Amino acid sequence: MEFQMDMFRLDGKIALVTGAVYGIGFEIAKSLAAAGATIVFNNLDQASVDQGLENYAKEGIKAHGYVCDVTDEEAVNAMVKQIETEVGVIDILVNNAGIIKRIPMLEMSANEFRQVVDVDLNAPFIVSKAVLPSMIKKGHGKIINICSMMSELGRETVAGYAAAKGGLKMLTKNICSEFGEANIQCNGIGPGYIATPQTAPLREKQADGSRHPFDQFIVSKTPAARWGEPHDLAGPTVFLASSASDFVNGHILYVDGGILAYI
Ligand code: NDP
């Protein structure tokens, strides 16, 4: 098919963005909605889901919110069934829900390590597995895994996160290999340092009013010389969710202001 701008449109598509109440997931969901998709999201409790519904309503988006812990396989399977009945078959899955624990490795318990791997790696496996059968039946599907620069790098204090996000990169390639023939594309987005509540502690001013050393480090190492904003991820996500990327499969698109090229 010849190139047309409307290849980027997502009208009639249903997108599940996990954990998308604020931060990166919310911006991603807003961009998918702007391209025409119906938005479905989940979060851990009713208060968070209500907050999400309010956030979307403020943007003029009628989203569908569900309470579901993405690490709970039974709950995820039930949610996906409910979405299929109440909204329709999911065309686009964005595995966005994630946690980070910044603890030096020798102080990190095996349980803390497991908790991070559970949300950042096991959950994308569980949710992808739940949506894939209907995608295969429908004859198409897009899965976008929110990876990280830590899919490529290690750093002090993020052993669990780096292990999980590195694993998520490989899960992305595996889903591509296993389901490419079924016209499923699975790619990842690797955000650099993005200003969200998750990274707020790294931007806090020091007691003497000076900038956080990590904040200075990141800005000095990023060729773009700034933190990313959640909306920086919008265009890349719409591309990977749309038919414009139908022959792009098994890749991680780093949206990092160039830091991985320089660090
Ligand atoms: P946030 O913490 O702002 O958002 C993550 C959301 O996921 C939160 O709303 C959180 O709920 C929810 N969540 C956590 N665990 C679960 C669970 N078990 N089930 C359902 N929902 C859950 O993070 P960001 O927006 O910063 O990050 C989004 C994604 O981007 C993550 O995967 C993160 O690792 C990745 N990323 C972020 C970067 C950054 O610089 N910010 C850089 C690279 C990658 P609650 O509100 O209750 O905590």
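Anything mentioned here points back to the structure above.
So, how was this worked out
Residues numbered from 1 in each chain as written. Predicted model: local features only at pLDDT ≥ 70, side-chain atom pairs only at ≥ 80, totals over all residues. Heavy atoms only, no water. Helix = DSSP H or I, 4+ residues; strand = E, 2+ residues; numbered from the N terminus. Expected span 1.5 Å × (residues − 1). Buried < 20%, exposed > 50% of the residue type's maximum accessible area, 1.4 Å probe, protein only. Near = heavy atom within 4 Å. Polar contact = N/O pair within 3.5 Å; in protein donor to acceptor, adjacent residues only side chain to side chain. Areas by Shrake-Rupley, 256 points an atom, 1.4 Å probe, with all protein chains shown as cover. 1 Å grid on protein atoms, 1.4 Å probe; cavity = no way out; pocket = protein on both sides within 12 Å on 5 of 7 lines; lining within 4 Å. Sits in = over half its atoms within 2 Å of the grid points. Phe/Tyr/Trp six-rings, centres within 6.5 Å; stacked < 30°, edge-to-face > 60°. Lys NZ or Arg CZ within 6 Å of the ring centre and 35° of its normal. Salt bridge = Lys/Arg side-chain N within 4 Å of Asp/Glu carboxyl O. Points joined across faces, edges and corners; volume = space filled by probe spheres on them. Nonpolar A, V, L, I, M, F, W, Y, C, P; charged D, E, K, R; others polar. Arc of directions from axis to C-beta. Contact = heavy atoms within 4.5 Å.

Undergrad: Just to check I follow, could you spell out helix H1 (residues 23-34) for this structure?
TA: In an α-helix, one turn spans 3.6 residues; hence positions three or four apart end up facing the same way. An ideal rise of 1.5 Å per residue puts 16 Å on twelve residues; H1 measures up with 17 Å between its terminal C-alpha atoms. By the criterion of burial, H1 is predominantly enclosed, with eleven of the twelve residues buried. For H1, the set of buried residues is Gly-23, Ile-24, Gly-25, Phe-26, Glu-27, Ile-28, Ala-29, Lys-30, Ser-31, Leu-32 and Ala-33. Backbone geometry just downstream of H1 places Gly-36 in the positive-phi region, at approximately 115°.

Undergrad: Please clarify how the site of the ligand should be interpreted in this entry.
TA: Of all residues adjacent to the ligand, which total 28 residues, the nearest are Tyr-22, Asn-96, Tyr-161, Ile-194 and Thr-196. A distance of 3.1 Å separates a nitrogen atom of the ligand from a polar backbone atom of Val-70. Measuring from an oxygen atom of the ligand, one finds a backbone N or O atom of Asn-96 at 2.7 Å. Here the ligand has 890 Å² of accessible area as a free molecule, and 89% of this is covered by the chains. Under a 2 Å grid-point criterion requiring more than half of the atoms, the pocket assigned to the ligand is the largest pocket.

Undergrad: What's the story with the packing of aromatic side chains in this structure? I'm lost.
TA: Ring pairs (aromatic) are described by centroid distance and by the angle formed between their planes. Within the structure shown, the criterion is met by seven aromatic pairs. Relative to Phe-214, the ring of Tyr-193 lies with its centre 5.7 Å away and its plane at 80°, an arrangement referred to as edge-to-face. With Tyr-193 in the loop between strand S6 (184-191) and helix H6 (213-221) and Phe-214 in helix H6, this pair connects stretches of sequence that are 21 residues apart. In this pair, the class of Tyr-193 matches that of Phe-214, namely buried. Judged by centre distance (5.8 Å) and plane angle (40°), the ring pair of Phe-214 and Phe-217 falls under tilted. Of the two residues, Phe-214 and Phe-217 both sit in helix H6, three residues apart, roughly one turn of that helix. Overall, Phe-217 belongs to the partly exposed group, its relative accessible area being 28%. Every member of this aromatic cluster is reached through a ring pair, and the members are Tyr-193, Phe-214, Phe-217 and Trp-227. Above the plane of the ring of Trp-227 lies Arg-203, whose end atom (NZ or CZ) is 4.9 Å from the centre.

Undergrad: Explain the pattern of salt bridges to me, please; I cannot follow it from the model alone.
TA: When the charged atoms of two side chains with opposite charge come close together, those side chains can pair. For the coordinates displayed, the defined rule picks out ten salt bridges. Ionic pairing is found between Glu-54 and Lys-58, a salt bridge with its closest N-O pair at 3.9 Å. In this pair, Glu-54 and Lys-58 are both assigned in helix H2 (residues 46-58), four residues apart and thus about one turn of the helix distant. For Glu-54, a relative accessible area of 44% corresponds to the partly exposed category. For Asp-91, the salt bridge identified is with Lys-138, shortest N-O distance 2.8 Å. Residue Asp-91 is located in the loop between helix H3 (73-86) and strand S4 (92-95), and its partner Lys-138 is located in helix H4 (residues 110-138); the two are separated by 47 residues in the primary sequence. If you follow the salt bridges from partner to partner, you end up with Glu-27, Lys-30 and Glu-59 in one network.

Undergrad: Even after reading the chapter, I still don't get the layout of surface pockets, so can you show me in this structure?
TA: Rolling a probe over the atoms, with the probe sized like a water molecule, indicates the empty space that remains. Quantified by volume, the largest pocket comes out at close to 970 Å³. In terms of lining, the largest pocket is formed by 42 residues, of which the most central are Gly-98, Ile-99, Ile-100, Tyr-161 and Gln-198. Taken together, the elements giving at least two residues each to the lining of the largest pocket come down to H1, strand S2 (38-43) and helix H5 (159-179). Residue contributions to the lining of the largest pocket peak at three residues, all from H1. Partitioning the lining of the largest pocket into residue classes produces 22 nonpolar, 15 polar and five charged. Put simply, the second largest pocket is a space of about 180 Å³. Looking at the second largest pocket, it is lined by 16 residues, and the ones nearest its centre are Lys-13, Lys-142, Ser-242, Ser-243 and Asp-246.

Undergrad: I keep staring at H6 and nothing clicks. Help me out?
TA: For H6, the full list of buried residues reads Phe-214, Asp-215 and Ile-218. Along H6, the residues classed as buried sweep out an arc of 105° about the axis, all on the same side. Buried residues along H6 sit in contact with helix H8 (259-262).

Any link to function would need more than the numbers given here.
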